[in-house]
Amino acid sequence: MNIHEAIRTRRSIGKVTQEPIDKAVIERILEAGIYAPNHRLTEPWRFFVLRGDGRKQLGDALARIALAGEADPSSPENEIKAESAKKKAFRAPVIIAVAVSPAERHDIIELEEYGAVNAAIQNMLLTIHALGLGAVWRSGEPCYHPLMNESFGLRPQDKMLGFIYLGVPDMAPPQAKRAAAELKTTWIDD
């Protein structure tokens, strides 16, 4: 698949089978991530590959975050809430958690570190698609919660930027819905 075709046809695949994904395939996906552009070659990405029982680490973090601030975490309602949060970690046979770990240097702009990790995620998603696999990049409030950092041994200045749920597709890809580039483009020639 050429790169243009991969970009135009890649879609989030939120439903995958539980068929295992070979470690060599996962390593190929990770390698695509590390070739993302990054200012001053800081390589600010951190990857955590969760498979099998390793997915419990994410499930436990999601449950802790779901119950954070609850007056009675052990209430029947909150136990259901925690179990529901835990189950999210088992939607795919492989989850690649991706975090940014910004370099602590005066010549580094932190926002550029985030951009580099987002580019790494896109490289990985395109590679997953080109390999005929399916994935969805999930993020949201739980990613940025301090308990998520604690669960993955991240520093306070680090951030989990999302989870790539990876597997064999169990759904048809949705149709692309994008505005034409010309509607989002201003040409400045002179």
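Preceding this section is the structure that the text describes.
Trainee: Sorry, what's going on with the overall build of the chain here?
Mentor: Counting its secondary structure elements, the chain contains 7 helices and 4 strands. Ordering the α and β elements of the chain from the N terminus gives α-α-β-α-α-β-α-β-α-α-β. The dimensions of the chain, computed from C-alpha atoms along their principal axes, are 65 × 45 × 35 Å. Out of the 190 residues belonging to the chain, those deemed buried represent 38%.

Trainee: I tried to follow the environment of M148 on my own but got confused; where do I start?
Mentor: Secondary-structure assignment places M148 in helix α7 (residues 146-151). Along the backbone, M148 and V16 are 132 residues apart, and their C-alpha atoms lie at a distance of 24 Å. Among all residues touching M148, those that are not within four sequence positions of it are L58, A61, L62, I65, P142, C143, M160 and F163.

Trainee: I tried to follow the packing of aromatic side chains on my own but got confused; where do I start?
Mentor: Each aromatic ring pair is characterised by the separation of its centres together with the angle its planes make. Inspection of every chain in the model, using the stated rule, returns 1 aromatic pair. Above the plane of the ring of Y165 lies R138, whose end atom (NZ or CZ) is 5.3 Å from the centre.

Trainee: What should I look at first to understand empty space enclosed by the protein in this one?
Mentor: Using a probe with the size of a water molecule, rolled over the atoms, empty space left in the structure can be pinpointed. Per the counting criterion, the structure on display carries 1 cavity of 30 Å³ or more. Reported here for the largest cavity is a volume of approximately 30 Å³. Contributing to the lining of the largest cavity are I13, G14, V16, R91, A92, V136, R138 and Y165. Classifying every residue of the lining of the largest cavity by side-chain character gives 5 nonpolar, 1 polar and 2 charged.

Trainee: Explain the pairing of strand β4 (residues 159-167) to me, please; I cannot follow it from the model alone.
Mentor: The side chains of a regular strand alternate, first on one face of the sheet and then on the other. The element β4 is extensively covered by neighbouring structure, given that 8 of its 9 residues are classed as buried. Note that strand β2 (residues 94-100) and β4 share 7 bridges and pair antiparallel. Following the sheet pairing, A97 is matched in β4 by F163. Alignment of strand β3 (residues 134-138) against β4, held across 5 bridges, turns out to be antiparallel. Looking at the pairing, R138 lines up with F163 of β4.

Trainee: How should I be thinking about the side chain of R11 in this particular structure?
Mentor: With respect to the helices, strands and loops of the structure, R11 is situated in the loop between α1 (3-9) and α2 (23-34). Buried charged residue R11 carries no salt bridge. Nearest counter-charge: E5, at 11 Å. For R11, the side chain forms a polar contact with the main-chain oxygen of R8, separated by 2.9 Å. Dropping the residues within four chain positions of it, R11 is found in contact with A135, P173, P174, Q175 and A176.

Trainee: Looking at this structure, how should I read the sheet that holds β2?
Mentor: As a general point, the strands of a sheet are linked pairwise by backbone hydrogen bonds and lie either parallel or antiparallel. In spatial order, the strands read β1-β2-β4-β3; together these 4 strands make up an open sheet with antiparallel pairing. With one partner strand each, in any of the chains shown, β1 (45-51) and β3 form the two edges of the open sheet. Sheet twist, expressed as the average angle between the axes of neighbouring strands with direction ignored, equals 20 degrees. Against the sheet, α2 touches β1, β2 and β4, its axis set at about 165 degrees to β1.

Trainee: What am I meant to see in the pattern of salt bridges here?
Mentor: Pairs can form between side chains of opposite charge once their charged atoms are near each other. The full count for this structure, using the stated rule, is 8 salt bridges. Salt-bridge contacts for D107 lead to R40; the nearest nitrogen and oxygen are separated by 3.3 Å. Taken together, the positions of D107 in the loop between β2 and α5 (110-130) and R40 in the loop between α2 and β1 put the pair 67 residues apart, joining distant regions of the chain. Classification of D107 as partly exposed rests on a relative accessible area of 25%. Linking K86 and D60 is a salt bridge whose minimum nitrogen-to-oxygen distance equals 3.9 Å. Residue K86 is located in helix α4 (residues 76-87), and its partner D60 is located in helix α3 (residues 55-67); the two are separated by 26 residues in the primary sequence. Salt bridges linked by common partners bring R40, R105 and D107 together as one network.

The rules we used
- Residues numbered from 1 in each chain as written.
- Predicted model: local features only at pLDDT ≥ 70, side-chain atom pairs only at ≥ 80, totals over all residues.
- Heavy atoms only, no water.
- Helix = DSSP H or I, 4+ residues; strand = E, 2+ residues; numbered from the N terminus.
- Buried < 20%, exposed > 50% of the residue type's maximum accessible area, 1.4 Å probe, protein only.
- Contact = heavy atoms within 4.5 Å.
- Phe/Tyr/Trp six-rings, centres within 6.5 Å; stacked < 30°, edge-to-face > 60°.
- Lys NZ or Arg CZ within 6 Å of the ring centre and 35° of its normal.
- 1 Å grid on protein atoms, 1.4 Å probe; cavity = no way out; pocket = protein on both sides within 12 Å on 5 of 7 lines; lining within 4 Å.
- Points joined across faces, edges and corners; volume = space filled by probe spheres on them.
- Nonpolar A, V, L, I, M, F, W, Y, C, P; charged D, E, K, R; others polar.
- Pairing = 2+ DSSP bridges.
- Lys, Arg positive; Asp, Glu negative; His and termini not counted.
- Salt bridge = Lys/Arg side-chain N within 4 Å of Asp/Glu carboxyl O.
- Polar contact = N/O pair within 3.5 Å; in protein donor to acceptor, adjacent residues only side chain to side chain.
- Axes fitted to C-alpha atoms, helices over the stretch in contact; angles between N-to-C directions.

Distances and angles like these do not, on their own, reveal function.
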